[in-house]
Amino acid sequence: MTLTVSVLGATGSIGRSTADLLDQHRDRFRVGAVAGGRDAQALARVARELNAEFAAIADPEAGPALRDALSGSGIACGAGPSAVIEAATREADIVVAAVSGAAGLSPTCAAIRQGRTVALANKESLVCAGDAFMRDAKKYGARLLPMDSEHNALEQSIGTGRIDDITRMTITASGGPFRTATRERIAAASAADAAAHPTWSMGMKINIDSATLMNKGLELIEAHHLFGIEAERLDAVVHPQSIVHALVTWRDGAVTAGLYVPDMRVPISHCLGLGDRLSIARGKPLDLASVGSLTFERPDEERFPCLRIAKAALAAGGAQPTVMNAANEIAVAAFIAGRIGFYDIAALVERACEHFAARFPEAPADVEEALAIDAEVRGWSTTALAA
């Protein structure tokens with residue numbers, strides 16, 4: 001049976017890897033919709049390559065360019081937030097939610113409210129509105145498939161086991177480009193330095209989140225919501241080889257782990273297969289003898305305070321993760337623009353969390369409230385940076 005797949009964030013790294021798999025398995029999949037942010041030419045290429053029925057670009061001003069690029073293809077298109085929502089809610093067996101940042105919250109939620117099976121690569125949906133998001137998934141009968149490498153590895157490691165039998169879930173981090181760097185070297189780093197990830201190529205913002213270890217903090221919050229597990233049973237370790245993506249420790253002391261070469265097509269194929277294993281062309285099998293050794297170390301939360309801040313936000317609960325994420329997105333954008341230094345990212349995020357702790361003590365009741373909090377924190381953070 002042919003499955004219909006829609007891809008939100010089709011021009012990003014996850015979207016491109018998804019497109020590669022869909023192209024390899026045309027006998028299994030057809031593409032209902034693709035959505036992108038601003039790059040009309042890139043989105044049109046993906047839409048044409050996959051023979052999508054509909055293409056949506058988030059930037060309204062890019063609409064004419066997308067229409068021109070798709071001229072003669074027979075592919076319908078639209079521009080602006082409403083068009084992206086249309087892409088998210090069109091009939092589909094699987095919706096790949098891979099829009100980066102809080103911008104992915106509304107379309108991902110829209111897909112959930114249609115009761116879709118959602119392959120979730122947008123961790124901010126759960127960071128910003130985790131409680132409300134999971135309630136909606138249950139209410140509308142949606143199925144969530146973890147597509148992030150760590151969470152997909154956790155799911156595969158759990159298998160048919162019971163969450164109550166788990167004593168610890170551990171996700172791994174490569175350590176980023178500054179794993180062995182001194183604090184002084186890190187403080188002087190440019191955005192280009194921070195974006196030079198040793199293992200993955202994920203886009204500027206996510207690469208910088210990996211350098212600060214904020215990305216790992218976001219993933220701990222995501223795991224908390226996805227698996228319904230308390231913060232006390234979650235952990236993160238640095239694993240430079242990026243072969244072991246997650247580990248599950250059971251009450252009897254046994255440990256199961258998810259291992260594979262660092263290729264995002266592995267967790268993506270697991271989601272798209274819906275229980276079937278898909279072959280991956282040009283994929284490299286894991287050869288542990290060639291890898292030689294697997295090493296692990298504790299993350300240094302003095303040199304990488306964003307991980308400490310994220311853990312504190314998870315422990316505090318309420319709207320702290322929502323606040324933290326909004327401030328982080330503003331701070332990272334300022335760092336990329338060269339307006340602040342590396343450690344100013346953590347400083348702004350921590351200030352925002354302290355400033356809004358009393359203002360937003362409760363978790364957002366719904367996605368709309370999460371977006372309102374996000375907007376207020378972004379405004380405050382922008383003003384704070386300008387002061």
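Residues numbered from 1 in each chain as written. Predicted model: local features only at pLDDT ≥ 70, side-chain atom pairs only at ≥ 80, totals over all residues. Heavy atoms only, no water.

1. Things to note about the overall build of the chain
Applied cut-off: Under the scheme used here, helices are H or I runs from DSSP no shorter than 4 residues and strands are E runs no shorter than 2 residues, and both carry numbers assigned from the N terminus. Here the radius of gyration uses the C-alpha set of atoms, whereas the globule reference equals 2.2 Å times the residue count to the power 0.38. Relative accessible area decides the class of each residue, using a 1.4 Å probe on protein chains only: under 20% of the type maximum gives buried, over 50% gives exposed, and in between gives partly exposed. By definition in these notes, contact holds between two residues if any of their heavy atoms fall within 4.5 Å.
Secondary structure assignment for the chain yields 17 helices and 11 strands. The C-alpha atoms of the chain give a radius of gyration of 20 Å, which matches the 21 Å a tight globule of 387 residues would have. The principal-axis extents of the C-alpha atoms in the chain amount to approximately 55 × 55 × 40 Å. By the burial criterion, 56% of the 387 residues in the chain qualify as buried. Across the chain, every contact between residues at least 6 apart in sequence was considered, and the portion connecting residues at least 24 apart equals 68%.

2. Thoughts on the sheet that holds strand 11 (residues 255-259)
Here is the rule we go by: Strands qualify as paired when DSSP identifies two bridges or more between them. Comment: axis = line fitted to C-alpha atoms, over the contacting stretch for helices; angle = value between 0 and 180 degrees taken between N-to-C directions.
Spatial ordering of the open sheet is given by 9-8-10-11, a layout of 4 strands whose pairing is mixed. Across the chains shown, the open sheet's two edge strands, defined by having one partner strand only, are strand 9 (234-238) and strand 11. With direction set aside, neighbouring strand axes in the sheet form an average angle of 20 degrees. Packed on one face of the sheet, helix 7 (residues 149-158) meets strand 8 (166-173), strand 10 (244-250) and strand 11 and runs near 40 degrees to strand 10.

3. Some thoughts on the UniProt feature "binding site: NADPH" (unreviewed entry) in the chain
Filter applied, for reference: UniProt positions are given in the numbering used here, feature names are shortened, and annotations may be inferred rather than shown by experiment.
UniProt annotation of "binding site: NADPH" (unreviewed entry) refers to T11, G12, S13, I14, G37, R38, N122, E124 and G203 when read in the numbering used here. The residue G12 is located in the loop between strand 1 (3-8) and helix 1 (13-24) in this model. Relative accessible area serves as the criterion here: at 28%, G12 is assigned to the partly exposed category. Along the chain, G203 turns up in the loop between helix 9 (191-194) and helix 10 (204-212). You can call G203 partly exposed: its relative accessible area is 37%.

4. Details of the pairing of strand 4 (residues 76-79)
Applied cut-off: Crossover handedness is defined here as right-handed if the route from the first strand over the helix to the second strand goes clockwise, with the strands pointing away from the viewer.
Pairing of strand 3 (residues 54-57) with strand 4 involves 4 bridges; the strand directions are parallel. Paired with I57 across the bridge in strand 4 is A79. Crossover handedness for the path strand 3 to helix 3 (residues 63-69) to strand 4: right-handed.

5. As for the packing of helix 15 (residues 320-336) against helix 16 (residues 342-356)
Operational definition: Any angle that is under 35 degrees is reported as roughly parallel, and any over 145 degrees as roughly antiparallel; angles of 65 to 115 degrees are reported as roughly perpendicular and all others as oblique. Crossing chirality is assigned from the near helix's rotation relative to the far helix, an anticlockwise turn below a right angle marking it left-handed and a clockwise turn marking it right-handed.
Between helix 15 and helix 16, the shortest axis-to-axis distance is 8 Å and the interhelical angle comes to 150 degrees. Taken as axis vectors, helix 15 and helix 16 run roughly antiparallel relative to one another. Of the two possible hands of crossing, helix 15 and helix 16 adopt the one that is right-handed. In this structure, helix 15 contributes Q320, V323, M324, A327, N328, A331, V332 and F335 to the contact, and helix 16 contributes F342, I345, L348, V349, A352, C353 and F356.

6. A few points about the environment of I206
In this fold, I206 is placed in helix 10. Residues I206 and V34 lie 172 residues apart in sequence; the distance between their C-alpha atoms is 21 Å. For I206, the residues in contact, after removing those within four places along its chain, are S100 and N215.

7. With respect to unusual backbone geometry
With phi around 50 degrees, L274 is a residue other than glycine that occupies positive phi space. Secondary-structure assignment places L274 in the loop between helix 12 (265-273) and helix 13 (288-291). The backbone phi angle of R282 is positive, close to 65 degrees, even though this residue is not glycine. Positionally, R282 belongs in the loop between helix 12 and helix 13.

8. Focus: helix 2 (residues 40-50)
Put simply, the test is: Here a polar contact is recorded for every N or O atom pair within 3.5 Å, except that within protein the pair must consist of a potential hydrogen donor and a potential acceptor, and residues adjacent in sequence are included only if both atoms are side-chain atoms.
Within the sequence span of helix 2, burial applies to A40, A42, L43, A44, V46, A47 and L50. Summarising the contacts, the buried residues of helix 2 are in contact with helix 1, strand 2 (29-36), strand 3 and helix 3. With a side-chain oxygen positioned 3.3 Å from the backbone nitrogen of Q41, the residue opening helix 2 is D39. Two residues or fewer past helix 2, N51 is found with a positive phi of approximately 55 degrees.

9. So, helix 1
For clarity, the cut-off: By this rule the span expected of a helix is its residue count minus one, scaled by 1.5 Å.
With 12 residues, helix 1 should cover 16 Å at 1.5 Å per step; its first-to-last C-alpha distance of 17 Å lies within 8% of that length. A large share of helix 1 lies buried, amounting to 9 of its 12 residues. Looking only at helix 1, the buried set comprises S13, I14, G15, S17, T18, A19, D20, L21 and L22.

10. Brief notes about the sheet that holds strand 7 (residues 143-146)
Across the sheet, 7 strands lie side by side as 4-3-2-1-5-6-7; this open sheet has parallel pairing. The open sheet has two edge strands, strand 4 and strand 7, and neither has a second partner. In this sheet, neighbouring strand axes are inclined to one another by 20 degrees on average, regardless of whether the strands run parallel or antiparallel. Where strand 1 meets strand 2, 6 bridges bridge the pair, whose relative direction is parallel. Bridge pairing in strand 2 links V5 to V31. Sheet strands in contact with helix 1 are strand 1, strand 2 and strand 5 (94-97), and its direction is about 160 degrees off that of strand 1.

11. Regarding the packing of helix 16 against helix 17 (residues 367-386)
Put simply, the rule reads: Each residue gets one label: Ala, Val, Leu, Ile, Met, Phe, Trp, Tyr, Cys and Pro are nonpolar, Asp, Glu, Lys and Arg are charged, and the others, such as Gly, are polar.
The geometry of helix 16 relative to helix 17 is characterised by a closest axis approach of 11 Å and an angle of 125 degrees between their N-to-C directions. Put simply, helix 16 runs oblique to helix 17. Both helix 16 and helix 17 take part in a crossing whose hand is right-handed. Here L348, R351, A352, H355 and F356 of helix 16 come into contact with helix 17, specifically with E376, V377, W380, S381, A384 and L385. Taken together, the residues that form the contact of helix 16 with helix 17 break down as 7 nonpolar, 2 polar and 2 charged.

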